[in-house]
Amino acid sequence: MQYRNNIKNGDQLSILGYGCMRYPQKGNSIDVERTIAQIHSAIERGVNYFDTAYIYGAGKSETILGTALSGGMREKVKIATKIPPFMVKKTSDLDKILDTQLSRLQTNYIDYYLIHMLNDTATWDRLKGLGILEWLKAKKEAGTLINVGFSYHGGRTEFLKVVDAHDWDFCQIQYNYLDEFNQATKNGMQYATEKGIPVVIMEPLRGGKIVTALPSGVQDLWQSAKPKRSVADWALRWVWNHPEPLTVLSGMNTEEQIDENIRIASEVKANDLSPEDLMLFQNARTILAQKIKVNCTACGYCLPCPSGVDIPTCFSTYNEKYTNPGRMPNMNYMMLTVASSS
């Protein structure tokens, strides 16, 4: 495992971070035993940054991570979790949510605490009106919160405003070879870095969407590429080719994914891709951009839908219809939406 230095505090963070939103499933629920074994395996091989959130898995993500880190593992890692602004209606909600998180995680401090989906300055202004600045200062002085940042899913213009709105310890953005000029963008990432704000990357594979169900043109592109690498391998190397990211989160939920990602994180170097390599990504981006209709990562933040619609699955099967033509997209839509709702 390789590590990058957090210029704000000197933390040496594994360049591969563990995303805790997509734990392995067993039937209709999380496979707790397998999840804990996977987390322990990752820690033993050098992964030391774990990212979760108050709303992930309706709280189960934090609870399972806390269980996995009990018994001596907690001191070996940095925990990142998030507070959802939409659930903060009054000042007392801040303590209520944090206290719940500390209990779930079985810890008395959070290493990296994020304002979840802080996509505009209006939301930050509302939180400031509720006293969040004073609250954060008190929690940091008490050692309960070590670093404070925000995660972001909006556009570049508003991202720059949010970056400038506070003296942040770090930030977290979606970034992958399809989103180089979407959301916060490469320019936004560089802007934050130049201001001395470390950047954590999420969705390097767009929730797996740029690995699975690729159109034939992109499949052919990667299959003919040299050296021979998996699609995930190429996509992760593209992100790590940038020197700016402090760590890159991956929602690994199979042993094979963990093995592969740790291997890549042990050998990759910044600025190591050749001009020919980078042209492969440009060609793949061009093909995919023509096919994908909805830029959805299946994060599930739009759920629950008041009308009971499984929005991410609908978007996924809609995109699949154009990226992977044939009978399967229609069959998947029937199985995953219509059949499950009948």
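Everything discussed here concerns the structure shown above.
These numbers come from a predicted model, not from an experiment.

Trainee: Give a description of the packing of helix α3 (residues 91-105) against helix α5 (residues 132-142) that names residues and reports values.
Mentor: Put simply, α3 and α5 touch, their axes get as near as 10 Å, and they point 40° apart. At the point where α3 passes α5, the crossing takes the right-handed sense. Every residue of α5 that contacts α3 at L94, D95 and L98 is listed here: I132, W135 and K139. For the contact of α3 with α5, a count of residues per class yields four nonpolar, no polar and two charged.

Trainee: Quick rundown of the pairing of strand β11 (residues 199-202)? Include the residues and the values.
Mentor: Burial of the side chains of β11 extends over both faces: V199 and I201 are buried on one face and V200 and M202 on the other. Traced from strand β10 (residues 170-174) through helix α7 (residues 185-194) to β11, the parallel crossover comes out right-handed.

Trainee: I'd love a proper account of the packing of aromatic side chains, names of residues and values included.
Mentor: Each pair of aromatic rings is reported with the distance of its centres and the angle of its planes. Tallied over the entire structure, the rule returns 15 aromatic pairs. Members of the aromatic cluster, joined through ring pairs, are Y175, Y177, W222, W234, W238 and F281. Sitting above the plane of the Y109 ring, R74 keeps its charged end 4.1 Å from the centroid. Against the face of W234 rests R229, its NZ or CZ located 4.6 Å from the ring centre.

Trainee: I'd like a rundown of the nonpolar core, residues and numbers included.
Mentor: Formed by 85 residues in total, the largest nonpolar core has its most connected members in F150, F159, Y177 and W222. Looking at which element gives the most residues to this core, the answer is helix α9 (residues 231-240), with eight residues.

Trainee: Quick rundown of the pairing of strand β9 (residues 145-152)? Include the residues and the values.
Mentor: Regular strands place their side chains on alternate faces of the sheet. β9 sits mainly inside the fold: seven of its eight residues count as buried. Pairing of strand β8 (residues 110-115) with β9, which is carried by five bridges, proceeds in the parallel orientation. Bridging from a neighbouring strand, Y113 pairs with V148 of β9. Bridge analysis of β9 against β10 gives four bridges, and the strand direction is parallel. Within β10, the position partnered with G149 by the bridge is F170. Each parallel crossover has a hand, and for β9 linked through helix α6 (residues 156-164) to β10 it is right-handed.

Trainee: Please set out the packing of α6 against α7 residue by residue, giving values where relevant.
Mentor: When two helices pack together, their arrangement is given by the angle between the helix axes and the distance between those axes. In contact at an axis separation of 10 Å, α6 and α7 are set at 10° when each is read in the N-to-C sense. Taken together, the axes of α6 and α7 lie roughly parallel to each other. Contacts between α6 and α7 involve R156, F159, L160, V163 and D164 on the former and, on the latter, T185, N187, G188, M189, Y191 and A192. Taken together, the residues of the contact of α6 with α7 break down into six nonpolar, three polar and two charged.

Trainee: Quick rundown of α7? Include the residues and the values.
Mentor: Among the residues making up α7, those that are buried are T185, G188, M189 and A192. Along the axis of α7, the buried residues cluster in a sector spanning 105°; they form a single face. Lining the buried residues of α7 we find α6, β10, β11 and β12 (245-250). Where α7 terminates, the next one or two residues include G196, which has phi positive at roughly 80°.

About the cut-offs
Residues numbered from 1 in each chain as written. Predicted model: local features only at pLDDT ≥ 70, side-chain atom pairs only at ≥ 80, totals over all residues. Heavy atoms only, no water. Axes fitted to C-alpha atoms, helices over the stretch in contact; angles between N-to-C directions. Helix = DSSP H or I, 4+ residues; strand = E, 2+ residues; numbered from the N terminus. Left-handed = near helix turned anticlockwise from the far one by under 90°. Contact = heavy atoms within 4.5 Å. Nonpolar A, V, L, I, M, F, W, Y, C, P; charged D, E, K, R; others polar. Buried < 20%, exposed > 50% of the residue type's maximum accessible area, 1.4 Å probe, protein only. Right-handed = clockwise from strand over helix to strand, strands pointing away. Phe/Tyr/Trp six-rings, centres within 6.5 Å; stacked < 30°, edge-to-face > 60°. Lys NZ or Arg CZ within 6 Å of the ring centre and 35° of its normal. Core = buried A, V, L, I, M, F, W, Y, C linked by side-chain atoms within 4.5 Å. Pairing = 2+ DSSP bridges. Parallel < 35°, antiparallel > 145°, perpendicular 65-115°, else oblique. Arc of directions from axis to C-beta.

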